[in-house]
Amino acid sequence: MTDVQEREQTTILRVADITKTYDLGGRGPWSRGPRATLTALDGVDLDLRRGEILALVGESGSGKSTLAKILVGSLTPTQGSLDWDAPDGAPRGRHAARRVQMVFQDPYSSLNPRLSVRAMLSELLLLHRIVPRSDVTAECLRLLNQVGLDADALDAYPSQFSGGQRQRLAIARALAVRPDVLIADEPVSALDVSVQATILDLFGTLQRDLGLSILFVAHNLAVVQHLSQRVAVMYLGRIVEVADTAELFSNPRHPYTRALIDSIPRMNPGSRNSMPILDGEPPSPFDLPTGCRFSPRCAFASEECSTIDPPLTAVAPDHSAACIKSLALPSIAPTGEQKEKQ
Amino acid sequence: MSAPTAVLDGFQTRRRAARSRVLKPWYRNGSLMAGIGVIGFLVLVAILAPVIAPYDPIKQDLQNALASPGAAHWLGTDKYGRDVLSRLIWGARVDLRIGFLAVIIPFVVGSVLGGLAGYFGGWFDTIVMRIVDIFFAFPFYVMVIVLVFVLGSGEASIYLAIAAVSWVSYAKIVRGEVLVAKKQDWVTAAKLGGMSDARILTRHIGPNVLSQAIIYGTSDVVMDIMAIVTLGYLGLGIAPPTPEWGSMILDGQEFITTHWMQATIPGLVVVLVSLGMSWLGDGLSDLLNPERRK
Amino acid sequence: MTDTILEVSNLTLGVRNGNRPPTVIVDDVSFRIARGERFGIVGESGSGKSMTLRSIVGLLPRGVEILSGSLRYGDIDLAATTGAARRALMGPEIAMIFQEPMTALNPVLRVGDQIAEGSRRHLGLSRAAAWDLAVSMMAKTGIPDPARRARAYPHELSGGLRQRVMIAMALSCKPKLLLCDEPTTALDVTVQHQVLRLLEDLCEEVGASLLFVTHDLAVVNQTCDELAVMYAGRIVERGSVERVFRRPEHPYTAGLLASAPDFDQPDRALVAIPGFPPNLAHRTDGCAFAPRCAFAQEHCHTASPPLEEHEAGHAAACFEVGRLLEATA
């Protein structure tokens, strides 16, 4: 129990039972069937701890981007709540900006093309009164240095920068208001490989130097492995597994997580994986299967899997998975730690 | 982070990624320069009218009516003996002034309504757009003519009529642009930055969106000049004897077979204005919407 | 595997600038693909890899031309082949798959029709026969319920399915050479895995050679036997995937490998390559990578190293290969 209490003390954001549905009404006599309800998120629980990088991994349709938008307040959940660990409770209005900020995926549409870097940063600094007016330029320079850019950048416009540099600017903008939490929505997916490394490096540095809590949304598990302390895996609107990074990769307890891990192309010339991993397509979010939503594609599924919808349950200390067979899954060979199953 | 990485990956103003092309400076933009040349020339002529017009445009000289073009009167005289060239020059003042001024109110009103409709959506958007649709159903010139007829001729009515009718185009254009801009991440970022809707609309979305309206404005000036000229031709425009290209065409019309210049030259000048504004619009479009419209 | 199906020799692509020297986008690129071989071209944006591919199929953007060099497909000079002769090649001989399936498929035609079009034209099949072939190709690519899906429009299918449709389309006429321009970059990782395996299996079945362009090193490792690494329009290293990955001989390749997250070595720190790619309009005489290279010497800035073999079947364009190998041994 002390474990739980300790976790609660360090939790900065608790996501409780968040659900997001979209009601796409039928369009009359020629529509295909009754009113369609799209369930983007279906009862998501998650904790973000102070000073950690938590990776949120999922493929298209998993709901990870929707969750990210709800966390920053761009979308309102249909159900559920967000609990911030702060004396003044949930941030409202302008103050929300000081609590959580976001870095977007597309470096080419995340900066206003008509604002110079100086204008963009100063506006935020002044609006939130981060520093007195006389210190604004100095603060802008400090922010730029923090993300690895120099004073030349101050009076330039976004169109003069490359993709990687734009992401740095986007990060500088996010940091300007000194948030507690940073939500990064696939920030390196649109960048070249060698540039990705520099941005990942930057996130790591910011976490260490500023004590930022970062929720890193990604679809590339290899990236996640290097950067995050904990990983949460999503499938079709649910979280199916959460664990410390090392634990997740050495001892995955949900079949989907295993499939994801096995699908990652390896760089070692000796290890080509030509085995079939996963069949078929994810089902349509309009038409979710009964029972476990992963069961139609699951290599380990049995009869009961299509009748029981498994909740997220603990399978090891600080490791939960949503699978009725999680403890019965065969252990992963050599690189992982072997754990005795009860 | 390792310092060398940070420094070397730093920003350098003069270097550009291999992909992007170098923007050519504005003075090398052919359309823009042609447009500025033509319109600039005409505006200059209009401003200097008192100085360069050889004769008083309203002074009649019935002895000398309908003179052929010659040394004394380069374009001849009209049926009242007034020098056609001088009337043309003074007419520029009227037509150009009204043409340029008449776009201002529709631009402002249309952009504001369109911008608000696009940004906020909902019932406001529906109402505004339905009104816009209604106005679009009527042909521009017909509406303007009818309104001027009702309001009585004169400069003020022209402004009112044009304003009442042409704001809808701006509304539609700006609304469309705002709808697109709204979805961009930098707008979301501005909201996350705690900025109010008003601020986002005016300082963030505004500059990005108005360029299209401005470019449309250049062609709208031509439409308005055409409207004024048409009204003048129909005798509904600026009251005579003030020189105006439309009424000149009206006056010259009866003599089209004998003195074709009186009716045709003003028309050709209108064509020239149209050409100049069109070039200006193209040039502005290149200038205001650089290739990096990502 | 000894006969060559595609030979690219000293290919140089660029934009002519009237009196001034042309802007070179691809510089003196040479490689050869054998029958049945899977060849990868790896590079980042601006490396010229996509342009090289496009020159093979004759889809260069306006203004970009072949300035020198040759492209030979068997006996045929591709650069000289235009019009009807080229159209006869595209489909039964050479086919291409693109990165973004939505823009590569015609949105107003049913996918079955799009697949069938090729076989009707090149193989002379009747409408019905072509449709059947299309459905069977779709089944081969793993599309569930192909008969029904063939009647769908592109927007009704997911990204993974559309990509499979493109593969079906490309392979329906059993080409000898399949060109792929980053076909899995836009796909989820599990779908990517399926699509890559599919490409491998089908190419083997049809006997097609594969030319695979990508920026993802891990994908190249999974899919290709041989590879060429491009930087600033030049090939900087070329050899078998195994050799190049185990013992890279060019600092850029080594840098790429060091900066990419490797799943099997989670504790290895990612080392970024400092600086950024050069502006192609301002080429210098020296090695294009020298400004960013940890091993660069004086002479690297003044002369451009040629692509040379330092061990059999493995070539690198670098003066300092010795020092690099020592440092990374």
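See above for the structure.
First things first, this report covers the structure right here in the doc. (Residues numbered from 1 in each chain as written. Chains lettered and ligands numbered in written order. Predicted model: local features only at pLDDT ≥ 70, side-chain atom pairs only at ≥ 80, totals over all residues.)

Examining the overall build of chain A
- Helix and strand content of chain A: ten helices and eleven strands.
- Considering chain A as a whole, with its 342 residues, one finds that 50% of them fall into the buried category.
- In chain A, 65% of the contacts between residues at least 6 apart in sequence involve partners at least 24 apart. (Helix = DSSP H or I, 4+ residues; strand = E, 2+ residues; numbered from the N terminus. Buried ≥ 20, exposed ≤ 12 C-beta atoms within 10 Å, placed from the backbone. Contact = placed C-beta atoms within 7 Å.)

Observations concerning the overall build of chain B
- Within chain B, the secondary structure is distributed over twelve helices and zero strands.
- In sequence order, the secondary structure elements of chain B are arranged as α-α-α-α-α-α-α-α-α-α-α-α.
- Looking at chain B as a whole, 41% of its 294 residues qualify as buried.
- Restricting the contact set of chain B to residue pairs at least 6 apart, pairs at least 24 apart contribute 70%.

Re helix H11 (residues 251-259) of chain C
- Of all nine residues in H11 of chain C, seven are buried; the element is thus mostly enclosed.
- Regarding H11 of chain C, the residues found buried are Pro-251, Tyr-252, Thr-253, Ala-254, Gly-255, Leu-256 and Ser-259 of chain C.
- Looking at the buried positions of H11 of chain C, the neighbouring elements they touch are helix H7 (193-210) of chain A together with helix H9 (217-223), strand E9 (226-231), strand E10 (234-240), helix H10 (241-246) and helix H13 (321-328) of chain C.

Quick word on the packing of helix H4 (residues 84-102) of chain B against helix H10 (residues 197-233) of chain B
Residues and elements named next belong to chain B.
- In the contact formed by H4 and H10, the axes pass within 8 Å of each other and the chain directions differ by 130°. Overall, the two elements H4 and H10 adopt an arrangement that is oblique. For the pair H4 and H10, the crossing hand works out as right-handed. In contact with Asp-95, Ile-98, Gly-99, Phe-100 and Ala-102 of H4, H10 contributes Val-221, Asp-224, Ile-225, Ile-228 and Val-229.
- Across the contact of H4 with H10, the residue classes break down as seven nonpolar, one polar and two charged. (Axes fitted to C-alpha atoms, helices over the stretch in contact; angles between N-to-C directions. Parallel < 35°, antiparallel > 145°, perpendicular 65-115°, else oblique. Left-handed = near helix turned anticlockwise from the far one by under 90°. Nonpolar A, V, L, I, M, F, W, Y, C, P; charged D, E, K, R; others polar.)

Brief notes about the sheet that holds strand E2 (residues 20-34) of chain C
- Strand order in the open sheet made by the four strands is E2-E1-E4-E5 (chain C), with antiparallel pairing throughout. At either end of the open sheet lies a strand with only one pairing partner, and these are E2 and strand E5 (76-77) of chain C. (Pairing = 2+ DSSP bridges.)

Observations regarding H7 of chain A
Residues and elements named next belong to chain A.
- Compared with the 26 Å implied by 1.5 Å per residue over 18 residues, the 26 Å span of H7 between its first and last C-alpha is a close match.
- Of all 18 residues making up H7, 13 are buried, and the element is well covered by its neighbours.
- Immediately downstream of H7, the backbone of Gly-211 shows phi near 65°, a positive value. (Expected span 1.5 Å × (residues − 1).)

Side note on the sheet that holds strand E12 (residues 314-316) of chain C
Residues and elements named next belong to chain C.
- Taken together, eight strands build an open sheet; the order of strands is E6-E7-E8-E3-E9-E10-E12-E11 and the sheet is mixed. Unpaired on one side and paired on the other, strand E6 (94-97) and strand E11 (308-311) mark the two borders of the sheet. Taken pair by pair, the neighbouring strands of this sheet meet at an average axis angle of 20°, ignoring direction.
- In this structure, strand E3 (residues 38-42) lies alongside E9, joined through four bridges in parallel fashion. Across the sheet, residue Ile-41 finds its bridge partner in E9, namely Ala-228.

A look at the interface of chain A and chain C
- Between chain A and chain C, the contact holds 34 residues from the first and 36 residues from the second.
- Where the side of chain A that touches chain C is concerned, the elements lending two or more residues are H7, helix H8 (221-227) and helix H10 (255-263) of chain A.
- For the side of chain A that touches chain C, the leading source of residues is H7 of chain A, giving six residues.
- Of the residues contributing to the side of chain A that touches chain C, the split by class is 15 nonpolar, 13 polar and six charged.

Points about the pairing of strand E8 (residues 230-235) of chain A
All names here are of chain A.
- Where burial is concerned, most of E8 is hidden: six out of the six residues are buried.
- Side chains Arg-230, Ala-232 and Met-234 project from E8 onto one buried face, and the interleaved Val-231, Val-233 and Tyr-235 project onto a second face that is buried too.
- In the sheet, E8 pairs with strand E9 (residues 238-244) via six bridges, with the strands oriented antiparallel. Residue pairing in the sheet places Arg-230 in a bridge with Asp-244 of E9.
- Between E8 and E9, which pair antiparallel one after the other, the connecting turn spans two residues, and Leu-236 there sits at a positive phi close to 45°.

Focus: the pairing of E6 of chain C
Residues and elements named next belong to chain C.
- Of the two faces of E6, the one lined by Ile-94 and Met-96 and the one lined by Ala-95 and Ile-97 are each fully buried.
- Both E6 and strand E7 (residues 177-181) contribute to a ladder of four bridges, which runs parallel. What sits directly across from Met-96, in E7, is Leu-179.

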